[in-house]
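# Structure assessment
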Amino acid sequence: MNKDKRLEILTRLRDNNPHPETELNFSSPFELLVAVTLSAQATDVSVNKATDKLFPVANTPQAIFDLGVDGLKSYIKTIGLYNSKAENVIKACRMLLDLHGGEVPENLDALVALPGVGRKTANVVLNTAFGWPTIAVDTHIFRVSNRTKFAMGKNVDQVEAKLLKVVPAEFKVDVHHWLILHGRYTCVARKPKCNACLIEDLCEFKDKTSET
């Protein structure tokens, strides 16, 4: 895929959704950190249902730490892997209190050092909470990038590196959201909705479908 085609794809995605936002509910960097941590192998809808009950009760590192593992579990037990996630969130809260004054650090290495926080989660927080031009590659972005040939790679790290290389600066802050939403609702895993796709003529996927 050439530079001009990529630019047209990004321009169409921006024109269609000039101000994309995450579908996770949050009102602070810490709430976003917790929500993204909980969203691993879970839907945003399921996470929002849990955090809509949790955050009014506890939405700071101290408040959630005070709940304890069992107390936190009672709010997130409808989410997959809730046992390990509860333990990681509590440990992360302890580290935020001990090392960062109860604030979410605006630093990739510090974020990745938190239990349950990988590079993807850290990039989401830096991008969505702090406006960094980072690109967190999840399953949707990995699929869309490879399927369309926009930024191919054998693993998420390769796709991230390729995206950071080929996406112009003016699009970097928002491209994460555009690609996730495109993969979630149009370029879906089993049968992509090619007939409803606004970049179908630019996409280099060979096995296009008639789905809408």
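Just above sits the structure.
First, a word on what this report is: a plain description of the structure on this page. No experiment lies behind these values; they were computed from the predicted model shown.

### Describing the overall build of the protein chain
Helix and strand content of the protein chain: 10 helices and 0 strands. Computed over the C-alpha atoms, the radius of gyration of the protein chain is 18 Å, within 12% of the 17 Å expected from 2.2 N^0.38 for a compact globule of 212 residues. Seen through its principal axes, the protein chain has C-alpha atoms that stretch 55 × 30 × 30 Å. Counting every position in the protein chain, which comprises 212 residues, the buried fraction comes to 45%. A separation of at least 24 residues holds for 57% of the contacts in the protein chain among residues at least 6 apart in sequence. Element-wise, carbon and sulfur atoms account for 51% of the exposed surface of the protein chain, whose accessible area totals about 10,600 Å².

### A few points about the packing of helix 2 (residues 29-38) against helix 5 (residues 82-100)
The geometry of helix 2 relative to helix 5 is characterised by a closest axis approach of 10 Å and an angle of 150° between their N-to-C directions. When the interaxial angle is binned, helix 2 and helix 5 end up roughly antiparallel. The way helix 2 lies across helix 5 gives a crossing that is right-handed. Every residue of helix 5 that contacts helix 2 at F30, L33, V34, T37 and L38 is listed here: K85, V89, C93 and L96. Along the lines of polarity and charge, the residues of the contact of helix 2 with helix 5 split into 7 nonpolar, 1 polar and 1 charged.

### A word on the environment of S39
With respect to the element layout, S39 can be found in the loop between helix 2 and helix 3 (44-54). Take S39: its relative accessible area is 12%, and that puts it in the buried class. S39 sits 15 residues away from L24 along the chain, and the two C-alpha atoms are 8.7 Å apart. Setting aside residues no more than four positions away along its own chain, S39 makes contact with L24, D44, V47 and K85. Engagement of the side chain of S39 in a polar contact is seen with the backbone oxygen of V36, the distance being 2.7 Å.

### With respect to the side chain of T121
Along the polypeptide, T121 turns up in helix 7 (residues 119-128). Discounting residues that sit within four places of it in the chain, T121 has contacts with L33, V36 and T37.

### Some points on the state of the cysteines
Per the counting criterion, the structure on display carries 0 disulfides. In this model C203 remains outside any disulfide bridge; the closest cysteine sulfur is found in C187, 6.3 Å from its own. With a relative accessible area of 14%, C203 lands in the buried category.

### Digging into the nonpolar core
Generally speaking, soluble globular proteins have nonpolar side chains that are buried together. Core analysis: the largest hydrophobic core is formed by 32 residues, its most contacted members being I64, L72 and L111. Listed by contribution, the elements that provide at least two residues to this core are helix 2, helix 3, helix 4 (61-76), helix 5 and helix 7. For this core, the element with the most residues is helix 2, which contributes 7 residues. Of all hydrophobic cores here, the second largest spans 22 residues; its members include L10, V167, I180 and C187.

Scoring rules and cut-offs
Residues numbered from 1 in each chain as written. Predicted model: local features only at pLDDT ≥ 70, side-chain atom pairs only at ≥ 80, totals over all residues. Heavy atoms only, no water. Helix = DSSP H or I, 4+ residues; strand = E, 2+ residues; numbered from the N terminus. Rg over C-alpha atoms; globule rule 2.2 N^0.38 Å. Buried < 20%, exposed > 50% of the residue type's maximum accessible area, 1.4 Å probe, protein only. Contact = heavy atoms within 4.5 Å. Areas by Shrake-Rupley, 256 points an atom, 1.4 Å probe, with all protein chains shown as cover. Axes fitted to C-alpha atoms, helices over the stretch in contact; angles between N-to-C directions. Parallel < 35°, antiparallel > 145°, perpendicular 65-115°, else oblique. Left-handed = near helix turned anticlockwise from the far one by under 90°. Nonpolar A, V, L, I, M, F, W, Y, C, P; charged D, E, K, R; others polar. Polar contact = N/O pair within 3.5 Å; in protein donor to acceptor, adjacent residues only side chain to side chain. Disulfide = S-S within 2.5 Å. Core = buried A, V, L, I, M, F, W, Y, C linked by side-chain atoms within 4.5 Å.

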